[in-house]
Amino acid sequence: MIIRQESKEDIEDIYALNEMAFGQKLEANIVDKLRDNCENLLSLVAVENGNIVGHILFSPVEIEGPHGVIKGMGLAPMAVLPNVQRQGIGTQLLERGIEELRKLRYAFILVLGHHEYYPRFGFEKASLYEIKCQWEGIPDEVFMILWLDKSMTEKVSGLAKYRKEFTDAV
Ligand SMILES: CC(C)(COP(=O)(O)OP(=O)(O)OC[C@H]1O[C@@H](n2cnc3c(N)ncnc32)[C@H](O)[C@@H]1OP(=O)(O)O)[C@@H](O)C(=O)NCCC(=O)NCCS
C-alpha cells in the first residue's frame, strides 16, 4: 500500500470514500469546501492496487489565548473504506500525517474523535492544557491534542477554532 498526497484525479474517489465511511455526505462536502477555500491543507490518500482505500485531511486551526493566536492543524475527517477497516490503514495514514506535519514544524494537532483510538498516537485530552473546543456540548474526552513541539505546552491555551467550513456545514 502507498500513502501519498492527493492529486486532482483523486477528488471524486475521496468524496465517495468519505460518503461511504460516514454513511452521509456531510464530511465529503466539508473536504470539497476546504479544498476550494484553503491553501494549507495536508490531504493524504492510501492507495492499494490503484484504488483509494483511505483518506486523511488536516486543515489549519488557531488557539486564541493569553499568549496570542497560535496556529496548528486539525485532523478531520479521516476515513477508511468499510470493507478494509481494522487492517491498519488508518494507522498508516495518521502516522504519515503526523510525520509530515512535524517536518513542517507545526506545534500541535487537534482532533475531535474516538477517545479509544487517538491516544495510541500520543493524543491527550486538550482540557489538560486548558484548551477548549469552540463547539458547546462536546464531551471532554473526545477533544484531544497531540503535541509536535513539546516546548509549546506552556504557551498554548485558550479557545480552539477550526476553519469556518466545519461550522458552516452543520
Ligand atoms: C476510524 C477509522 C478511520 C480507523 O481506520 P482503520 O483503518 O479501521 O484503523 P486501524 O486499522 O488503523 O485501527 C483499528 C483500530 O481503530 C479503532 N476503531 C476503528 N473503528 C472504530 C470506531 N468506529 N470506533 C472506535 N474505534 C474504532 C479500533 O480501536 C481498532 O482497533 P481494534 O481493531 O484493535 O479494535 C475507520 O474505522 C473509519 O473510517 N471509520 C468511519 C469514519 C470515522 O469514524 N472516522 C473518524 C472520525 S473521528
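Residues numbered from 1 in each chain as written. Predicted model: local features only at pLDDT ≥ 70, side-chain atom pairs only at ≥ 80, totals over all residues. Heavy atoms only, no water.

Draft legend 1. Here's a closer look at the pattern of salt bridges. Following the criterion strictly, the structure yields 11 salt bridges and no others. Two residues, Glu6 and Arg35, come together in a salt bridge whose shortest N-O distance is 2.8 Å. Pair noted here: Glu6 is in the loop between strand S1 (2-5) and helix H1 (11-22) and Arg35 is in helix H2 (residues 26-37), with a separation of 29 residues, a long-range link. For Arg96, the salt bridge identified is with Glu100, shortest N-O distance 3.0 Å. In this pair, Arg96 and Glu100 both sit in helix H3 (residues 89-103), four residues apart, roughly one turn of the helix. According to the relative accessible area criterion, Glu100 is buried, its value standing at 15%. Each of Glu6, Asp32 and Arg35 takes part in one network of salt bridges that share partners. (Salt bridge = Lys/Arg side-chain N within 4 Å of Asp/Glu carboxyl O. Helix = DSSP H or I, 4+ residues; strand = E, 2+ residues; numbered from the N terminus. Buried < 20%, exposed > 50% of the residue type's maximum accessible area, 1.4 Å probe, protein only.)

Draft legend 2. Representation of the site of the ligand. Inspection of the region around the ligand gives 19 residues, with Arg86, Gly88, Gly90, Thr91 and Arg120 positioned closest. Contact distances for the ligand include 2.8 Å between an oxygen atom and a backbone N or O atom of Val80. In isolation the ligand offers 860 Å² of accessible surface; the protein chains occlude 74% of this area. Broken down by secondary-structure element, the contributors of at least two residues to the shell around the ligand are H1, strand S4 (68-80) and H3. A class-by-class count of the residues in the shell around the ligand yields nine nonpolar, seven polar and three charged. (Near = heavy atom within 4 Å. Polar contact = N/O pair within 3.5 Å; in protein donor to acceptor, adjacent residues only side chain to side chain. Areas by Shrake-Rupley, 256 points an atom, 1.4 Å probe, with all protein chains shown as cover. Nonpolar A, V, L, I, M, F, W, Y, C, P; charged D, E, K, R; others polar.)

Draft legend 3. Summary view of the environment of Gly122. Inspection of the secondary structure puts Gly122 in the loop between strand S5 (108-112) and strand S6 (124-125). Sequence separation of Gly122 and Trp147 is 25 residues, and the distance between their C-alpha atoms is 8.0 Å. Look past the residues within four positions of Gly122 in its chain and what remains in contact with it is Ile145 and Leu146. (Contact = heavy atoms within 4.5 Å.)

Purely geometric numbers; function is a separate question.
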